[in-house]
Amino acid sequence: MSYTVYGAAYDNDIDGVRRLLAAGRPVDEPDPIWYNRTTLHHTALFGYTAIAEVLISANANVNATDRNLNTPLHLAAWNGHTSVADLLLKHGVDITAVDKDQDTPLHEAAWNGHTPIVQLLLCKGANVNAVDIVSMLLVPV
């Protein structure tokens, strides 16, 4: 069994996550090796919807940011995990959050060709006019 909640989540060990949370391990403990990502970041990155549900039920911070200011929604959008993105949106994740490059979750989904997440984010009010660092560099002066 993993000794951290994020370690159990990384291994897709939902029973381990439950045991560790029941034993009092912190739900939002940052992973120092992986950009200080929380367990919810890992579940979003890998598309582990069932574990994400357990974490959110344990009051995980859906708007936690990693070292690069990514929220779990950024990572779900980047990797095309629509069910995790939808779950996060239902629990109040900030759809307008920007990372260190001013990327929104919509940017992440669009760049990686994840049309279902693009559509989901647009239906939930994502800003199609949000400008990131790359877009700023491409604007003619």
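Refer to the preceding data block for the structure.
As a starting point, this report considers the structure included with it. Please read these numbers as outputs of a predicted model, since none were measured by experiment.

## Considerations on the packing of helix H5 (residues 72-79) against helix H6 (residues 82-90)
Viewed as axis vectors pointing N to C, H5 and H6 meet at an angle of 155 degrees, and their least axial separation amounts to 8 Å. When the axis of H5 is compared with that of H6, the two are roughly antiparallel. Relative to H6, the crossing made by H5 is left-handed. Of H6, the residues touching H5 (which contributes Pro72, Leu73 and Ala76) are Val84, Ala85, Leu88 and Leu89. Looking at the contact of H5 with H6 residue by residue, the classes come out as seven nonpolar, no polar and no charged.

## Focus: the packing of helix H4 (residues 49-57) against H6
What describes two packed helices is the angle between their axes and the distance between those same axes. Put simply, H4 and H6 touch, their axes get as near as 9 Å, and they point 15 degrees apart. Comparing their axes, H6 and H4 come out roughly parallel. The handedness of the crossing between H4 and H6 is right-handed. Where H4 abuts H6, its residues Thr49, Ala52, Glu53 and Ile56 lie against Ser83, Val84, Leu87 and Leu88. Grouping the amino acids of the contact of H4 with H6 by side-chain chemistry returns five nonpolar, two polar and one charged.

## Here we look at the packing of aromatic side chains
According to the stated counting rule, one finds three aromatic pairs in the structure shown. Pairing Tyr10 with Trp34 gives two aromatic rings, centres 6.5 Å apart and planes at 25 degrees, and the pair type is stacked. Note that Tyr10 is positioned in helix H1 (residues 5-10) and Trp34 in the loop between helix H2 (14-22) and helix H3 (39-46), a separation of 24 residues in sequence. Given the relative accessible area of 39%, Tyr10 is considered partly exposed.

## Some details on H6
Within the sequence span of H6, burial applies to Val84, Ala85, Leu87, Leu88 and Leu89. Packing partners of the buried residues in H6 comprise H3, H4, H5 and helix H8 (115-123).

## A look at the nonpolar core
Core analysis: the biggest nonpolar cluster contains 36 residues, and Val17, Leu40, Leu55, Leu88 and Leu121 have the highest contact counts within it. Of all elements in the fold, only H1, H2, H3, H4, H5, H6, helix H7 (105-111) and H8 reach the threshold of two or more residues within this core. Excluding anything up to four places from it in sequence, Leu121 contacts Leu73, Leu89, Ile95, Pro105, Leu106, Ala109 and Ala126.

About the criteria used
- Residues numbered from 1 in each chain as written.
- Predicted model: local features only at pLDDT ≥ 70, side-chain atom pairs only at ≥ 80, totals over all residues.
- Heavy atoms only, no water.
- Axes fitted to C-alpha atoms, helices over the stretch in contact; angles between N-to-C directions.
- Helix = DSSP H or I, 4+ residues; strand = E, 2+ residues; numbered from the N terminus.
- Parallel < 35°, antiparallel > 145°, perpendicular 65-115°, else oblique.
- Left-handed = near helix turned anticlockwise from the far one by under 90°.
- Contact = heavy atoms within 4.5 Å.
- Nonpolar A, V, L, I, M, F, W, Y, C, P; charged D, E, K, R; others polar.
- Phe/Tyr/Trp six-rings, centres within 6.5 Å; stacked < 30°, edge-to-face > 60°.
- Buried < 20%, exposed > 50% of the residue type's maximum accessible area, 1.4 Å probe, protein only.
- Core = buried A, V, L, I, M, F, W, Y, C linked by side-chain atoms within 4.5 Å.

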